[in-house]
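Structural overview
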Amino acid sequence: RGAARQAATPAKSPAATKLPGLSAREPQTHFPLPKGPSIMSTALGTVADLPADYYDGLVGHNLLPLWPSLRAVLPYGKPTRNTRPTLWKYSDVRPALLRAGDLAPIEKAERRVLVLCNPGLGLENMQATPSIYVGLQLILPGETAPNHKHTPMAVRFVIEGEGGYTVVQGEKLPMAKGDLILTPPGMWHQHGHEGTEPVVWLDALDLPIVYGLEASYCIEGAPQSVSDPHNASTVRFRQGGVIPYASLAPKRADYPLLRYPWKEVRQTLSGLAAVTPREELVHVAYVNPETGQECMATLGFSAMMLRPGEEVRMKRRSASAVFHVVEGSGAATVDGIAMPFAESDTFASPTHAEIRLSNASGKAPAFLFMVDDAPLQRKLGFYETFE
Ligand code: 1HN
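Below, the structure is looked at part by part. (Residues numbered from 1 in each chain as written. Predicted model: local features only at pLDDT ≥ 70, side-chain atom pairs only at ≥ 80, totals over all residues. Heavy atoms only, no water.)

**A closer look at the overall build of the chain**
Per the secondary structure count, the chain includes nine helices and 23 strands. Split into buried and exposed, the 387 residues of the chain put 47% on the buried side. Long-range pairs, those at least 24 residues apart, make up 75% of the contacts in the chain between residues at least 6 apart in sequence. In the form shown here, the chain has an accessible surface area of approximately 18,900 Å², with 57% of it arising from carbon and sulfur atoms. (Helix = DSSP H or I, 4+ residues; strand = E, 2+ residues; numbered from the N terminus. Buried < 20%, exposed > 50% of the residue type's maximum accessible area, 1.4 Å probe, protein only. Contact = heavy atoms within 4.5 Å. Areas by Shrake-Rupley, 256 points an atom, 1.4 Å probe, with all protein chains shown as cover.)

In structure tokens form, the structure reads like this:
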């Protein structure tokens, strides 16, 4: 019976196992297929408790019984998490990225990126968390990355170098360290570099979600010309709390602000720190200035300041997250895994994680940028925080 059971395991689709990269993803393996006795099974037991001919007959018709797998897909109390708390040190990534500058000419590569892959999710799936793709992108002086648009949304968070810029729908968005630049779904974007030193930024995309929906694709376009050299962060939304009068009645969900300068965010955090009790996290959210709501539909962006010597426990949340160190050094402990961080390091946290953050310095503040999937979870109706 046991041998028959093994043979009855549904065959993997040949296409799914042969293609490299994201295509190697095998949806069947996202939860364990019933193979034998398992504490995950319901009271009715496992596949081994079924007559072999019955099980084989089901599989032959592309059917499976739910009850042996129910606990696996719907565990009690807390979701199953394969995402591992993972730290990517900039001191490891940077030299490899600079070497890619030689190995991968931008004309051929389109985007020169090293992807931060969570080992718990399978490196080939290019997921930092189940919903969040993160890569570090290098552009060298004089280079341009061609114009395209796609269904996943993207943001850039600048790590180093001056003179880089992105053009989004004709609006030229200069990039300085710590600036957040939005590339909403379906909007044309291309990158350029007018400076003299390498420019590196972090890309965060909802690619795993959109790819999982089998809805990820792009369209190439002719180079954009800059129609708006004044990006909205310097003109229409120069200052938080004061917006163009016409924005009081926004007509539709839109993206009025595509660039959030770090200079302003850092000042805001420093101001907020002065009035935030010691045990509370100094934390701001990037929002749409017209609606006051999250600026993108799926992923959320926020920034936090760890005051000198500060050690905080974050409220446990149902969202997964990626943290990037803008300034300072310290340590993160995620579900008991300690990850000492320095400037420009990046780390991932699974859903429902216990997160502690500490600033190693007693003199200087530390600043972190965070990407999470709380906006999507809220829309799906299950976002939670726990005491
Ligand atoms: C993309 O369009 C960019 O525009 C970077 O710079 C990384 C990763 C996957 C899919 C599209 C970019 C990307 C990407």
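There's plenty left to go through after this.
**Describing the side chain of N288**
Inspection of the secondary structure assignment puts N288 in the loop between β13 (282-285) and β14 (300-306). Leave out the neighbours within four places in its chain, and N288 touches D254, P256, Y260, Q293, E294 and C295.

**Notes on the site of the ligand**
Taken together, R111, Y133, Q137, H148, H150, R156, H189, H191, D203, L205 and L207 make up the full set of residues adjacent to the ligand. In the model, an oxygen atom of the ligand is placed 3.0 Å from a nitrogen or oxygen of the Q137 side chain. In this structure, H148 approaches the ligand through a side-chain N or O atom, which is 2.7 Å from an oxygen atom. In the complex, the protein chains occlude 85% of the 330 Å² of accessible area that the ligand would expose alone. Where the shell around the ligand is concerned, the elements lending two or more residues are β3 (133-139), β4 (144-150), β9 (189-193) and β10 (199-205). Residues that form the shell around the ligand fall into these classes: three nonpolar, five polar and three charged. (Near = heavy atom within 4 Å. Polar contact = N/O pair within 3.5 Å; in protein donor to acceptor, adjacent residues only side chain to side chain. Nonpolar A, V, L, I, M, F, W, Y, C, P; charged D, E, K, R; others polar.)

From the geometry alone we can't say anything about function, so treat these as descriptive.
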